[in-house]
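Architecture at a glance
Residue strings, one per chain:
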Amino acid sequence: MPHDTSSTRTEPTAMSGNGIAWVKLSAIHLPLKTPISDAKVLTGRQKPLTEVAFLFVEIQTRDGHSGLGFSYSKRAGGPGQFEHAKEIAATLIGEDPNDIAKIWLKLCWAGASVGRSGLAVQAIAAFDIALWDLKAKRAGLSLAKLLGAHRDAVQCYNTSGGFLSSSIDEILDNVEQSIEAGIGGIKIKVGHPDAATDIKRVEAVHRRIDGRVAMMVDANQQWDRPTAMRMGRRLEQYDLTWIEEPLDAYDAEGHAALAAQLDTPIATGEMLTSVLEHVSLIDNKSVDFIQPDAPRVGGITPFLKICSLAEAKKLRLAPHFAMEIHLHLAAAYELDPWVEHFDWLDPLFNERLEISDGRMIVPTRPGLGFTLSEQARKWIRVEAEFGKRP
């Protein structure tokens, strides 16, 4: 970057010490204890989930500041994310890590021929999240505080014990364990080929919860429009906090019809992979709860754009998965949000999140507040480094 020798004022530049010096990519595959199935598995669209593929990015600056970020893929796409990240990673070297929006665009256009959504931006997400982690650490603040927190704890609900692959007895045991752990909501999967089975499971869980915590259901895009309307009306009696993904993720008009005609709030957005796809939901009044996923939409930078649009329409927020990231982002959202509790990622990190009185406590540690565990490093399948570690 050019330096004006005619002035005594020294401007901070990438070359003056805070530029990005080193980037490391790691492909880590996290095995799940038991295979997981939802409606897409029972109808033959997908195979049971047995592992989650993660792309981790570690960034260091010349003056020793560091950041950690990650993206992920379920079933397929993990190796593709890693390879795309490897092709564009070198463009970060020498950049000023403060210029996160600029860097996001640079990474996007470095691989623009494969598009500005989907796998390409999911690879970018890991870099973007690492840069935000670095920025907050450098400021000595948690990411939530850096962004401007509205609260120090966020409502949380449990999903991981309510899959269709679990028996009713297993789900009921999870209900008790979750409530005892202080979790404030229970979400179970629906979308079984036999609608009567869905109703039976919802009834059993609703009866067991007995008003102690909130309850949600998730159809994982299983229903067509008539079925979703019929099931939505049958589910009204259970006073659910929301019905999630009743229709195909891209059916903004269909979700809008449900949102307009049902008393139960509609939630969706987790499968979308760009800001513009979420704009379609917002503009069509398709959701009451919007559910963006930062690793899927390209990181924290685009996630914040979605939040700004959603706040303007007074939508509620319930980010999908990755509570380690989304807890901070939800804490900075104006309207009281929810975060999804999954303990799947616990083996990857040295730190744990705390839960009390139905809410997840925002950590005060700088940045995201997480470091990779030794177990995570043992699960690395392939890695790549760029630049020189300071």
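These lines cover the structure that appears in this document, whether it is placed above or below. This one's a predicted model, so the numbers in the text were calculated from it and none came from an experiment.

Positive phi outside glycine occurs at Asn220, with the angle close to 50°. Here Asn220 shows up in the loop between strand S6 (214–218) and helix H8 (225–235). The exposure class of Asn220 is buried, given its relative accessible area of 3%. Positive phi, close to 65°, is recorded for Gln221, a residue that is not glycine. Within the secondary structure, Gln221 is located in the loop between S6 and H8.

Once that is clear, we can look at the side chain of Asp293. Along the polypeptide, Asp293 turns up in the loop between strand S9 (289–290) and helix H11 (294–297). A polar contact is formed between the side chain of Asp293 and the side chain of Tyr72, at a distance of 2.4 Å. Excluding its chain neighbours within four sequence positions, the residues that come into contact with Asp293 are Tyr72, Glu270, Phe303, His320, Phe321 and His326.

Once that is clear, we can look at the packing of helix H2 (residues 78–88) against helix H4 (residues 119–139). Following both chains from N to C, one finds H2 and H4 inclined at 65°, their axes separated by 9 Å at the closest point. Between H2 and H4, the angle is such that the two are roughly perpendicular. Our pair here, H2 against H4, has a crossing hand that is right-handed. In this structure, H2 contributes Gly80, Gln81, His84, Ala85 and Ile88 to the contact, and H4 contributes Leu119, Ala120, Gln122, Ala123, Ile124 and Phe127. Classifying every residue of the contact of H2 with H4 by side-chain character gives seven nonpolar, four polar and no charged.

Here the focus is the environment of Thr34. Position of Thr34 relative to the elements: it lies in strand S1 (residues 20–36). Classification of Thr34 by relative accessible area gives partly exposed; the value is 49%. Sequence separation between Thr34 and Pro48 is 14 residues; the distance between their C-alpha atoms is 9.5 Å.

Right, let's talk about the environment of Ala204 for a bit. Residue position: Ala204 is located in helix H7 (residues 195–209). According to the relative accessible area criterion, Ala204 is buried, its value standing at 10%. Separated by 33 residues in sequence, Ala204 and Ile171 have C-alpha atoms that sit 9.4 Å apart. Residues contacting Ala204, with those up to four places away along its chain left out, are Ile168 and Leu172.

Moving on to the packing of aromatic side chains. Evaluation of the coordinates by the stated rule reveals 16 aromatic pairs. When the ring of Phe54 is compared with that of Tyr72, the centres are 6.3 Å apart and the planes differ by 45°; the resulting orientation is tilted. Residue Phe54 is found in strand S2 (residues 49–61), and its partner Tyr72 is found in strand S3 (residues 66–74); the two are separated by 18 residues along the sequence. With centroids separated by 5.2 Å and ring planes inclined at 90°, the aromatic side chains of Tyr157 and Trp242 adopt a geometry described as edge-to-face. Of the two residues, Tyr157 is situated in strand S4 (residues 153–158) and Trp242 in the loop between H8 and strand S7 (243–244); the sequence distance between them amounts to 85 residues. You'll find Tyr157 and Trp242 in the same group, each marked buried. Taken together through their ring pairs, the aromatic side chains of Phe54, Phe56, Phe70, Tyr72, Phe163, Phe321, Phe342, Trp344, Phe349 and Phe370 make up a single cluster. The cationic tip of Lys74 hangs over the ring face of Phe342; the distance from NZ or CZ to the ring centre is 6.0 Å. Lying over the aromatic face of Phe370, Arg365 brings its terminal NZ or CZ to 5.5 Å of the ring centre.

The rules we used
Residues numbered from 1 in each chain as written. Predicted model: local features only at pLDDT ≥ 70, side-chain atom pairs only at ≥ 80, totals over all residues. Heavy atoms only, no water. Helix = DSSP H or I, 4+ residues; strand = E, 2+ residues; numbered from the N terminus. Buried < 20%, exposed > 50% of the residue type's maximum accessible area, 1.4 Å probe, protein only. Polar contact = N/O pair within 3.5 Å; in protein donor to acceptor, adjacent residues only side chain to side chain. Contact = heavy atoms within 4.5 Å. Axes fitted to C-alpha atoms, helices over the stretch in contact; angles between N-to-C directions. Parallel < 35°, antiparallel > 145°, perpendicular 65-115°, else oblique. Left-handed = near helix turned anticlockwise from the far one by under 90°. Nonpolar A, V, L, I, M, F, W, Y, C, P; charged D, E, K, R; others polar. Phe/Tyr/Trp six-rings, centres within 6.5 Å; stacked < 30°, edge-to-face > 60°. Lys NZ or Arg CZ within 6 Å of the ring centre and 35° of its normal.

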